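Architecture and fold: a report
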Amino acid sequence: MLHFEPYEKNSLKNDPTISMLGKWEIHYLAFNGPENCQKPPLIVLGGAFQNFTSYRFFVGDVVEICPIVLVDLPSLGNNSQLASELGLEDLADLLYYWLVQEGIDRVSLMGLSLGSVVASTFAFKRPEMSERLIMVGTLAKPRKSWRMLLEESLKLLDAEQMSEFGEAVVLYLINHARLKETEIPEVACRLFRRQMRTFSENEKQRYRINAHRLIGVEEVLGYPTCPTIVATGDKDSFTLPYENAFFAANCVNAQFALIENADHLPQLERRDAVVGMFCAFLKQEDLNQVQGLKLLTHEQGLALERRGEPRYALKNPNAYVLGFSAVNGDIQIDSPVEIIDINFFGCLLKYEKIVFTVQEYARNLILCLPDSMLRIEVLVFERGEGWMRCLFKHGSFVIADEFNKLLKDSDYCHELPKLGQRPYAEI
């Protein structure tokens with residue numbers, strides 16, 4: 001049976017209880033709900049490299065509503081046990097068998113980022129055990145560009161380029177183009193970067209394991225039927241608002257909400273709105289009353305712009321690209337290109353005379369911006385006759401800041417009309 005304790009100010013700093021299920025370790029902290037509470041406990045599954053103190057922003061509020069169990073499954077959170085053979089569905093099954101072992105027959109679930117996929121898989125496979133489900137920052141079918149960026153982070157990690165790796169991961173998770181709106185604390189960014197670039201060998205292995213788990217997802221196993229809230233920041237560039245809305249629209253009993261002026265880490269940027277959403281949903285109150293939260297119908301969610309950031313046209317679109325040999329690093333391409341459109345995350349380029357294969361240069365091109373000293377590494381995302389779409393390999397906060405300033409300069413570029421629901425290749 002789970003060992004529940006009263007929640008106190010410093011409880012999250014306590015060592016977790018370690019429960020064994022076969023050879024697997026499940027780390028947890030469990031806290032009592034209100035006296036005589038009949039609600040099932042809330043199981044909280046976080047993303048990678050969070051520890052239980054990461055949840056301090058909401059635990060004190062939630063234990064006033066129901067019991068809460070913070071869980072780190074193998075290689076997730078602060079659980080250092082490696083489990084490369086376990087996929088995301090396996091982790092959901094592991095959670096099920098552990099709850100059965102501990103005598104828990106019904107739960108609500110909360111999944112944040114990576115944890116949302118495990119939580120939703122559990123709820124889909126075990127509807128008889130699932131009371132309610134909270135998901136923040138999720139997706140149903142990973143987009144190609146998202147996979148490519150994860151793969152690029154693994155290349156940096158394998159090359160032991162830890163400073164660039166740390167900055168790249170943070171730039172993927174945080175929408176650097178919208179710092180003014182999200183107001184994420186600079187100290188949080190510094191701490192994330194330091195955490196990533198000082199990974200231990202065990203942490204590097206866990207990053208590889210979790211990245212491969214996500215890359216291996218072609219599409220979610222299915223959609224839960226219990227009452228569900230799917231939410232994300234309206235400036236989320238990692239799991240796009242449209243992707244979250246698409247997940248919610250495929251559930252039979254889900255609401256979709258945007259957390260205003262937040263990105264993939266809304267708990268750091270809009271705590272009151274996030275905690276208000278958690279509490280209102282668990283108490284079955286009207287989410288429309290939560291300040292900072294915008295509820296959308298499924299039709300409104302599916303009508304969202306699929307590309308999260310606006311496109312820009314440069315006043316001078318004439319740039320050039322450099323291509324380097326993957327074998328010896330020599331310059332193999334030095335060619336003019338025309339920038340058709342561009343935003344913080346990528347661009348569409350037109351060219352006439354470049355002769356190369358995607359396989360050779362997909363990860364070895366540099367875009368040299370016009371009327372600027374900025375040089376940005378790119379990944380070729382898609383190619384056609386005389387054109388290519390590219391993703392930017394952001395791995396430097398200095399370059400990202402300078403590039404962002406250029407895009408905000410009306411003398412350098414102007415915003416293009418939105419694409420609406422016309423088909424296009426996602427950047």
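Residues numbered from 1 in each chain as written. Predicted model: local features only at pLDDT ≥ 70, side-chain atom pairs only at ≥ 80, totals over all residues. Heavy atoms only, no water.

Within the protein one finds 14 helices and 18 strands. Compactness check: the protein gives a C-alpha radius of gyration of 22 Å against a globular reference of 22 Å for 427 residues, within 12% of the reference. For the C-alpha atoms alone, the extent of the protein along its principal axes is close to 75 × 45 × 35 Å. Expressed as a percentage of the 427 residues in the protein, the buried residues total 58%. (Helix = DSSP H or I, 4+ residues; strand = E, 2+ residues; numbered from the N terminus. Rg over C-alpha atoms; globule rule 2.2 N^0.38 Å. Buried < 20%, exposed > 50% of the residue type's maximum accessible area, 1.4 Å probe, protein only.)

Turning our attention to the side chain of Lys-393. Along the chain, the position of Lys-393 falls in the loop between strand 17 (387-392) and helix 14 (397-407). The class for Lys-393 is buried, based on a relative accessible area of 11%. Within the local environment of Lys-393, its side chain forms a polar contact with the side chain of Glu-152, the two groups lying 3.1 Å apart. (Polar contact = N/O pair within 3.5 Å; in protein donor to acceptor, adjacent residues only side chain to side chain.)

Before going further, it helps to examine the packing of aromatic side chains. Scanning all chains against the criterion turns up 17 aromatic pairs. With a centroid separation of 5.0 Å and an interplanar angle of 65 degrees, the aromatic rings of Tyr-96 and Tyr-97 are classed as edge-to-face. Measuring from ring centre to ring centre gives 6.4 Å for Tyr-242 and Phe-246, while their planes differ by 35 degrees; the resulting arrangement is tilted. Taken together, the positions of Tyr-242 and Phe-246, both in helix 9 (residues 241-249) and 4 residues apart, correspond to about one turn of that helix. (Phe/Tyr/Trp six-rings, centres within 6.5 Å; stacked < 30°, edge-to-face > 60°.)

This next bit is on the pairing of strand 2 (residues 17-21). Sheet topology places strand 2 next to strand 3 (residues 24-31); 5 bridges connect them, and they run antiparallel. In the strand pairing of strand 3, Thr-17 is matched with Tyr-28. Between strand 2 and the antiparallel strand that follows it, strand 3, lie 2 residues; Gly-22 among them carries a positive phi value of about 65 degrees. (Pairing = 2+ DSSP bridges.)

Most often, soluble globular proteins keep nonpolar side chains buried together rather than apart. By size, the foremost hydrophobic cluster in this structure holds 73 residues, and its most contacted members are Leu-73, Trp-98 and Tyr-207. Among the elements that line this core, the one with the most residues is helix 2 (residues 88-101), at 8 residues. Apart from residues lying up to four places away in sequence, Leu-73 is in contact with Glu-25, Ile-26, Leu-45, Asn-79, Leu-91, Leu-94, Leu-95 and Val-118. Grouped together as the second largest cluster of nonpolar side chains are 38 residues, Ile-342, Leu-369, Val-378 and Cys-390 included. (Core = buried A, V, L, I, M, F, W, Y, C linked by side-chain atoms within 4.5 Å. Contact = heavy atoms within 4.5 Å.)

Bringing helix 11 (residues 271-282) into the picture now. Counted at 1.5 Å a residue, the expected span for helix 11 with its 12 residues is 16 Å, and the 17 Å between its end C-alpha atoms agrees. Most of helix 11 is tucked away: 9 of the 12 residues are buried. Taken together, the buried positions of helix 11 are occupied by Ala-273, Val-274, Val-275, Met-277, Phe-278, Cys-279, Ala-280, Phe-281 and Leu-282. Immediately beyond the C-terminal end of helix 11, within one or two residues, lies Gln-284, with a positive phi of roughly 60 degrees. (Expected span 1.5 Å × (residues − 1).)

The first and last C-alpha atoms of helix 4 (residues 144-158) sit 21 Å apart over 15 residues, in line with the 21 Å expected at 1.5 Å per residue. Within helix 4, 11 of the 15 residues are buried, which leaves it mostly tucked inside the rest of the structure. Residues of helix 4 that are buried: Ser-145, Trp-146, Arg-147, Met-148, Leu-149, Leu-150, Glu-152, Ser-153, Leu-154, Leu-156 and Leu-157. In the core, the buried residues of helix 4 are packed alongside helix 5 (162-173), helix 8 (201-215), strand 16 (375-384) and strand 17. A positive backbone phi angle near 60 degrees is found at Glu-160, which sits one or two residues after helix 4.

If you check the backbone angles, Ser-113 has positive phi at about 55 degrees while not being a glycine. Along the polypeptide, Ser-113 turns up in the loop between strand 6 (107-112) and helix 3 (114-125). The backbone of Glu-160 sits at a positive phi, close to 60 degrees, despite the residue not being glycine. Tracing the chain through its elements places Glu-160 in the loop between helix 4 and helix 5. In this structure Glu-160 comes out as partly exposed when scored by relative accessible area, which is 43%.

This part is about the environment of Phe-165. Within the fold, Phe-165 resides in helix 5. Note: C-alpha distance between Phe-165 and His-27 (138 residues apart in sequence) is 28 Å.

One side chain can pair with another of opposite charge once the charged atoms of both are near each other. Tallied over the full model, the rule gives 23 salt bridges. Where Arg-193 meets Glu-167, a salt bridge forms, and the shortest distance between an N and an O atom there is 3.6 Å. Highlighted residues: Arg-193 in helix 7 (residues 186-197) and Glu-167 in helix 5, separated in sequence by 26 residues. This pair shows no difference in class: Arg-193 is buried, exactly as Glu-167 is. One network of salt bridges, with partners in common, ties together Glu-89, Asp-93, Lys-125 and Arg-126. (Salt bridge = Lys/Arg side-chain N within 4 Å of Asp/Glu carboxyl O.)

The subject of this paragraph is the packing of helix 2 against helix 3. Direction vectors running N to C along helix 2 and helix 3 enclose 60 degrees, while the axes themselves pass 8 Å from each other. As summarised for this structure, helix 2 and helix 3 are arranged oblique, according to the angle between their axes. In this structure, helix 2 crosses over helix 3, and the sense of that crossing is right-handed. Across the interface between the two elements, Leu-88, Glu-89, Leu-91, Ala-92, Asp-93, Leu-95, Tyr-96 and Leu-99 from helix 2 touch Leu-114, Val-117, Val-118, Thr-121, Phe-122 and Lys-125 from helix 3. (Axes fitted to C-alpha atoms, helices over the stretch in contact; angles between N-to-C directions. Parallel < 35°, antiparallel > 145°, perpendicular 65-115°, else oblique. Left-handed = near helix turned anticlockwise from the far one by under 90°.)

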